[in-house]
Each structure stands twice: as structure tokens, then as C-alpha cells.
Amino acid sequence: MSAMKTVLNKQLANWIVMEMKLRHFHWHVKGPHFFTLHAKFEELYNEAAEHIDVLAERVRALGDDALTTLSEALKLASIQEEAAPRSAEQMVAAVRHDFSLMIDELQAGLSYAESIGDEASHDLLLDIHAGLQKHVWMLGAFLGE
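This report concerns the structure included in the present document. What you see is a predicted model; the values in this text were computed from it and never measured.

**Things to note about the overall build of the protein**
(1) Moving on: Regarding its fold elements, the protein presents five helices and zero strands.
(2) Moving on: Secondary structure elements of the protein occur, N-terminal to C-terminal, as α-α-α-α-α.
(3) Moving on: For a compact globule of 145 residues, the expected C-alpha radius of gyration is about 15 Å, and the protein comes in at 15 Å, within 12% of that figure.
(4) Moving on: Principal-axis analysis of the C-alpha atoms places the extent of the protein at approximately 50 × 30 × 20 Å.
(5) Moving on: In the protein, the share of contacts with a sequence separation of at least 24, taken over all contacts with a separation of at least 6, comes to 79%.
(6) Moving on: Carbon and sulfur atoms provide 55% of the accessible area of the protein, an area that totals close to 7600 Å².

What follows is the structure in C-alpha cells.
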């Protein structure tokens, strides 16, 4: 597998795990921020599903197989599953942390895509990167940071 396909599959794995984590938070959030966060987590897991699709399609367009099993995703992802009960604020902080980690990994992927002249992969990763930066800022504002 080429290095670019590895970068893309790593992002794909992160988004697969992140989508499930966001669904978990969506289903389990409670308290005074319920209505706000229930809707926000749904928005974010729908966005994650879109990223999963475009990342997998890009891997396929490069002629390789996109990862397709949860066990593969869990092995490759930097994002960890979530099962412990958390407060609404802890959920937001966890998502913000994960998105920040993904931004760091995306920066390395962007540099690599640029170095090999893969403009399509670069543009795809750049769009995801920009969206994550906005989410990190907004989640931080929610937390009062």
C-alpha cells in the first residue's frame, strides 16, 4: 500500500471510530445542554459519515482497497472508542480532543500529498482539516475556552 493510501485509510479509520463515538454521545447526553448537544452530535456524526464515504472512494480511486471492517478501523485509528459515562462537558471536551488529534494527523497527510503532487487527495484532506479547525474552535467556545 502506498503511503498516500495509508494516510487516507488512517483518516478513514479515525472517522469510522469517531462516527460511533459521536452516536454514543448523541444517545447518552443528558442535562441542561441536552437539546443543543443532542442535535450537534447528530450533525457531527452525519458529517463523519460523509467523510467516511469520500475517503473510502478516494482510496479506491487510487487503486487500493479501503478498510472495511470495524476491527481494522480500531487497529488503525488514533481515536479511541468511548463507552464510559461522561458529563455533557466531558463529551464535548473528548470530541474537541479527538478533532485536535485528527488535525495534527491531517497536517502530516497534507504535507505528504503536496510533496508527491497528489492535488486531489490534498484538497480532500484540506477540506476536512478546515472543517475540523472550525469545530475545535466552536467546541472550545462551548467549554468557555
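Additional details are given in the paragraphs that follow.
**Observations regarding the packing of aromatic side chains**
(1) Moving on: Under the counting rule described, the total for this entry stands at three aromatic pairs.
(2) Moving on: For the pair Phe34 and Phe35, a centre-to-centre distance of 5.1 Å together with 80° between the ring planes defines the contact as edge-to-face.
(3) Moving on: Residue classification places Phe34 among the partly exposed residues on the basis of a relative accessible area of 26%.
(4) Moving on: We classify Phe35 as exposed; its relative accessible area is 71%.

**Overview of helix 5 (residues 119-142)**
(1) Moving on: Taking 1.5 Å as the rise per residue, helix 5 with 24 residues should run 34 Å; its terminal C-alpha atoms sit 35 Å apart, in good agreement.
(2) Moving on: When helix 5 is considered as a whole, its buried residues turn out to be Ser121, His122, Leu124, Leu125, Ile128, His129, Leu132, His135, Val136, Leu139 and Gly140.
(3) Moving on: Residues of helix 5 that are buried in the fold lie against helix 1 (3-28), helix 2 (34-61) and helix 4 (88-115).

About the thresholds
- Residues numbered from 1 in each chain as written.
- Predicted model: local features only at pLDDT ≥ 70, side-chain atom pairs only at ≥ 80, totals over all residues.
- Heavy atoms only, no water.
- Helix = DSSP H or I, 4+ residues; strand = E, 2+ residues; numbered from the N terminus.
- Rg over C-alpha atoms; globule rule 2.2 N^0.38 Å.
- Contact = heavy atoms within 4.5 Å.
- Areas by Shrake-Rupley, 256 points an atom, 1.4 Å probe, with all protein chains shown as cover.
- Phe/Tyr/Trp six-rings, centres within 6.5 Å; stacked < 30°, edge-to-face > 60°.
- Buried < 20%, exposed > 50% of the residue type's maximum accessible area, 1.4 Å probe, protein only.
- Expected span 1.5 Å × (residues − 1).

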